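Report on the structure
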Amino acid sequence: MGSKRLLPLLALLVLLSACSPAAPAQETVGPEPELTLAATTYPVYLFACQVAGDVPDLRITLVVNQQLSCMHDYSLSITDMKVLEKADAILLNGAGLEEAMEAALEAAGRPQIDCAAGIDLLCGAAHHHDHSHEDGEPEEEEEPDPHIWLDPRRACQMLDNLAQALGALDPAHAARFTANAQAAQEEILESYGQWKQQLAALSPRSLITFHDGFAYFAEAFDLTILEAIEEESGSEASAQEVKEILALLEEHHLPAIFTEVNGATATAQLIGREAGVRVAPLDLLMSSRESPLAGTDLYLSVLAANVSTIQEAYSCA
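In short, a report on the structure. These figures come from a predicted structure and were not determined experimentally. Throughout this document, residue positions are counted from 1 along each chain, in the order its sequence is written. Owing to the predicted nature of the model, reporting of local features is limited to residues with pLDDT of at least 70; listing and counting of side-chain atom pairs is limited to 80 or more, with chain, interface and lining totals taken over all residues. Based on all heavy atoms of the structure, the side-chain values leave hydrogens and waters out of the count.

Digging into the overall build of the protein
The way it works is that DSSP assigns letters per residue, a run of H or I at least four long becomes a helix, a run of E at least two long becomes a strand, and they are numbered from the N terminus. For the protein, the count of helices and strands is 10 helices and 10 strands. Per-residue burial over the protein gives 51% buried out of 317 residues. Each accessible area value is a Shrake-Rupley result obtained with a 1.4 Å probe; residue values ignore everything except the protein chains displayed when judging cover. As presented, the protein carries roughly 14500 Å² of accessible surface, and 50% of it is formed by carbon and sulfur atoms. Working definition: with a 1.4 Å probe on protein chains only, accessible area under 20% of the residue-type maximum means buried, over 50% means exposed, and in between means partly exposed.

Shown next, in the form of structure tokens:
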């Protein structure tokens, strides 16, 4: 990368370091792009592609391109590491989402851009992971929630951060990056208003989810998550845990519980049968998928599907 691009990149790192399916990356035929960026996760990849638009000599590759619902224990593959090492800069979701790959990111030695910079984070959400202490009690955790893209308003802030970042890396196209981000923000906020109207009469307005990643989504639509259980595949819920969820379902008259499309569902299915309630999947958008849609169009389609899933699950009570 030329020295003219390196100077604004270094300045950008100082600015953004505070606070804190696409096809798999493939070799392309032809000359190498002047600027290559690696997006750690699928939402960041979608937003970055939207901001970049058709700007020439710019390639954005997706690092984590596997079907998953949780990054807590993710291990980078050799292919993932190659994507990081070939990038001129790495686009992070931030807010701790990439914690499991911190060592690999450091080893790659590439500049990092935090898409969560300046965004208000939710902390201490009412959830627990299905890991146990020696006494058999679930392990309680209070950490910043990194799933910021599920709130359309925070997604717009991520687009702002990306537009600024790409503009600093490629000043010649800064105005285009800003215009692309603004157009996407307008579409997101318009859809957000429609979804809020769609869920305005939802009753009840409480959710039980079998993933801890939907707090921002719930806040955006004035919903309350009573319990969020992060269940690992192959793990079994305790009798006490099942009893507590059944009591919440009865107390709040909930007709459904919600899983994540790529998450474990054993406990949810058990409780659904026991309580006679529906088990419906919500999508975190953590995994790439084959789709004719791209960028924020795909993002909007996933959020619209989540809104419809909740509305339909509760309207069938």
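From this point, the narrative continues.
Structural notes on the sheet that holds strand β4 (residues 112-114)
An order of β2-β1-β3-β4 is seen for the four strands of this open sheet, with the pairing classed as parallel. Across the chains shown, the open sheet's two edge strands, defined by having one partner strand only, are β2 (58-62) and β4. Direction aside, neighbouring strands of the sheet carry axes that sit 25° apart on average. Pairing between strand β1 (residues 35-39) and β2: five bridges, direction parallel. Its bridge partner lying in β2, L37 is registered against I60. In this description, contact between two residues means that some pair of their heavy atoms is separated by no more than 4.5 Å. All axes here are fitted lines through C-alpha atoms, helices being fitted over the stretch that makes contact, and every angle between N-to-C directions spans 0 to 180 degrees. Of the strands in this sheet, β1, β2 and β3 (89-92) are in contact with helix α2 (residues 42-52), which crosses β2 at around 165°. Think of it this way: DSSP has to see at least two bridges between two strands before they count as a pair.

With respect to a negative patch on the surface
What goes into a patch is any residue over 30% in relative accessible area without a salt bridge, connected to like charges within 9 Å or, for nonpolar side chains (Val, Leu, Ile, Met, Phe, Trp, Tyr), within 5 Å. Salt bridges are counted wherever a side-chain nitrogen of Lys or Arg sits within 4 Å of a carboxyl oxygen of Asp or Glu. When charges are counted, Lys and Arg are positive and Asp and Glu negative, with His and the chain ends excluded. We put the charge of a Lys on NZ, of an Arg on CZ, of an Asp on CG and of a Glu on CD. The grouping of E99, E102, E106 and E143 at the surface amounts to a negative patch. Secondary-structure assignment places E106 in helix α4 (residues 102-108). Note on E106: relative accessible area 66%, which makes it exposed.

Here we look at the pattern of salt bridges
Counted according to the given criterion, the structure contains seven salt bridges. As a salt-bridge pair, R153 and D151 come within 3.0 Å of each other at their nearest N and O atoms. With a relative accessible area of 1%, D151 lands in the buried category. Note that D222 is salt-bridged to K196, the shortest N-O span being 3.4 Å. Taken together, the residues span a long stretch of sequence, with D222 in the loop between α7 (215-220) and β8 (224-230) and K196 in helix α6 (residues 174-198) at a distance of 26 residues.

Side note on the packing of helix α8 (residues 239-252) against helix α9 (residues 266-275)
Direction vectors running N to C along α8 and α9 enclose 50°, while the axes themselves pass 10 Å from each other. In terms of axis orientation, α8 runs oblique to α9. Between α8 and α9 the crossing geometry is right-handed. Judged by residue contacts, V242, I245, L246 and L249 of α8 engage L270, I271, E274 and A275 from α9. Roughly parallel here means an angle under 35 degrees, roughly antiparallel means over 145, roughly perpendicular means 65 to 115, and every remaining angle is called oblique. Should the near helix be turned counterclockwise from the far one by less than a right angle, the crossing is left-handed, whereas a clockwise turn marks it as right-handed.

A word on α9
Of the positions making up α9, those classed as buried are T267, A268, I271 and G272. Along the axis of α9, the buried residues cluster in a sector spanning 135°; they form a single face. Of the residues in α9, the exposed ones pointing more than 90 degrees away from the buried face are A266, R273 and E274. Looking at the buried side of α9, the elements it contacts are α8, β9 (256-260) and β10 (278-282). To be clear, the arc concerns the directions from the helix axis to the C-beta atoms.

Concerning the packing of α2 against helix α10 (residues 295-315)
At their nearest, the axes of α2 and α10 sit 7 Å apart, and the two run at 135° to each other. Taken together, the axes of α2 and α10 lie oblique to each other. When α2 is examined against α10, the residues Y42, L46, F47 and Q50 are found in contact with a partner set consisting of G295, T296, L298 and Y299. Just so you know the grouping, Ala, Val, Leu, Ile, Met, Phe, Trp, Tyr, Cys and Pro go in nonpolar, Asp, Glu, Lys and Arg go in charged, and all remaining residues, Gly too, go in polar. Here the residues of the contact of α2 with α10 are counted per class, giving five nonpolar, three polar and no charged.

With respect to the side chain of D80
Mapped onto the elements of the fold, D80 is located in helix α3 (residues 78-86). Of the side chains with opposite charge, K82 comes closest to the buried, unpaired D80, at an N-O distance of 11 Å. In contact with D80, other than residues within four places in its own chain, are V63, Y74 and S75.

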